[in-house]
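# Structural characterization, general
Listed below are the residues making up each chain.
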Amino acid sequence: GQNIDQPTEMTATEGAIVQINCTYQTSGFNGLFWYQQHAGEAPTFLSYNVLDGLEEKGRFSSFLSRSKGYSYLLLKELQMKDSASYLCARGATDSWGKLQFGAGTQVVVTP
Amino acid sequence: DVKVTQSSRYLVKRTGEKVFLECVQDMDHENMFWYRQDPGLGLRLIYFSYDVKMKEKGDIPEGYSVSREKKERFSLILESASTNQTSMYLCASSIGGGENIQYFGAGTRLSVL
């Protein structure tokens, strides 16, 4: 993805915590999105951050630092069903609602 | 719940054929998008539309066109399919205005032989 960087793959054990980092271009920034995509399925919306700080939704949390162009998605108490690709996406102020997506981070949860 | 429906999950076409991929959303969304997804490249925007009969090129529009005659329907057209257009195609929609959350269809896996 253009100017959106995230790791390609991460492996963690069931019950553990994994943090997926995402860096992006800060100019014209208008929100940071995280999506989950299981193999062969559509991406599904997980979280949206537009202000600095941590947003918590159950086992998943997302953090944003606008000045650093940095976000992370935190997955706690990992379950086997969390094995999926996690996509970071950036909105822009002049984009008609377009999003720029990163290439995705494949998370593999092992027993 | 928002529902975005793509007409086919799998398609196999021959080189040179004209291909239509259809997408329908049921939430009166203003914006609709077509992406292709390839391993290691992520989602790449082909075209998008922010209103009926309006369309804008995305990052990779070459070889594609679109049609939006009704608000709920956004069609992607491959005028003359080529093997390098073998990919997963994803349609998405969003409310419009300042709300950018996009909701995706299940995708169409197109193979061009």
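Just above, that's the structure.
This write-up is about the structure you can find in this document. (Residues numbered from 1 in each chain as written. Chains lettered and ligands numbered in written order. Predicted model: local features only at pLDDT ≥ 70, side-chain atom pairs only at ≥ 80, totals over all residues. Heavy atoms only, no water.)

Looking only at helices and strands, one finds zero helices and 11 strands in chain B. Going from the N terminus to the C terminus, chain B shows its helices and strands as β-β-β-β-β-β-β-β-β-β-β. Whereas a compact globule of 113 residues would reach a radius of gyration of roughly 13 Å, chain B reaches 13 Å, a difference of no more than 12%. Counting only C-alpha atoms and orienting by the principal axes, one finds that chain B spans roughly 40 × 25 × 25 Å. Counting only residues that meet the buried cut, chain B has 50% of its 113 residues in that class. Partitioning the contacts of chain B with sequence separation of at least 6, the portion at a separation of at least 24 is 56%. (Helix = DSSP H or I, 4+ residues; strand = E, 2+ residues; numbered from the N terminus. Rg over C-alpha atoms; globule rule 2.2 N^0.38 Å. Buried < 20%, exposed > 50% of the residue type's maximum accessible area, 1.4 Å probe, protein only. Contact = heavy atoms within 4.5 Å.)

All names here are of chain B. Inspection of the entire model under this criterion finds 15 aromatic pairs over all chains. Here the aromatic rings of Tyr35 and Phe104 are separated by 5.7 Å at their centres, their planes lie at 40°, and the arrangement is tilted. Of this pair, Tyr35 sits in strand β4 (residues 31–38) while Phe104 sits in strand β10 (residues 103–104); the two residues are 69 residues apart in sequence, bridging distant segments of the chain. Judged on exposure class, the residue Tyr35 and its partner Phe104 are both buried. (Phe/Tyr/Trp six-rings, centres within 6.5 Å; stacked < 30°, edge-to-face > 60°.)

Locating Ser95(A) in the fold gives a position in the loop between β9 (84–92) and β10 (99–101). Sequence separation between Ser95(A) and Asn30(A) is 65 residues; the distance between their C-alpha atoms is 9.3 Å.

To continue, consider the pattern of salt bridges. Taken as a whole and judged by the stated rule, the model has 10 salt bridges over all chains. A salt bridge links Arg59(A) to Asp82(A); the shortest N-O distance between them is 2.7 Å. Pair noted here: Arg59(A) is in the loop between β6 (53–57) and β7 (60–65) and Asp82(A) is in the loop between β8 (70–75) and β9, with a separation of 23 residues, a long-range link. Taking the shortest distance from any N to any O, the salt bridge between Asp28(B) and Lys71(B) comes out at 3.1 Å. Highlighted residues: Asp28(B) in the loop between β3 (19–25) and β4 and Lys71(B) in the loop between β7 (64–70) and β8 (73–78), separated in sequence by 43 residues. A relative accessible area of 22% means that Lys71(B) is categorised as partly exposed. Residues participating in the shared-partner salt-bridge network are Asp28(B), Glu30(B) and Lys71(B). (Salt bridge = Lys/Arg side-chain N within 4 Å of Asp/Glu carboxyl O.)

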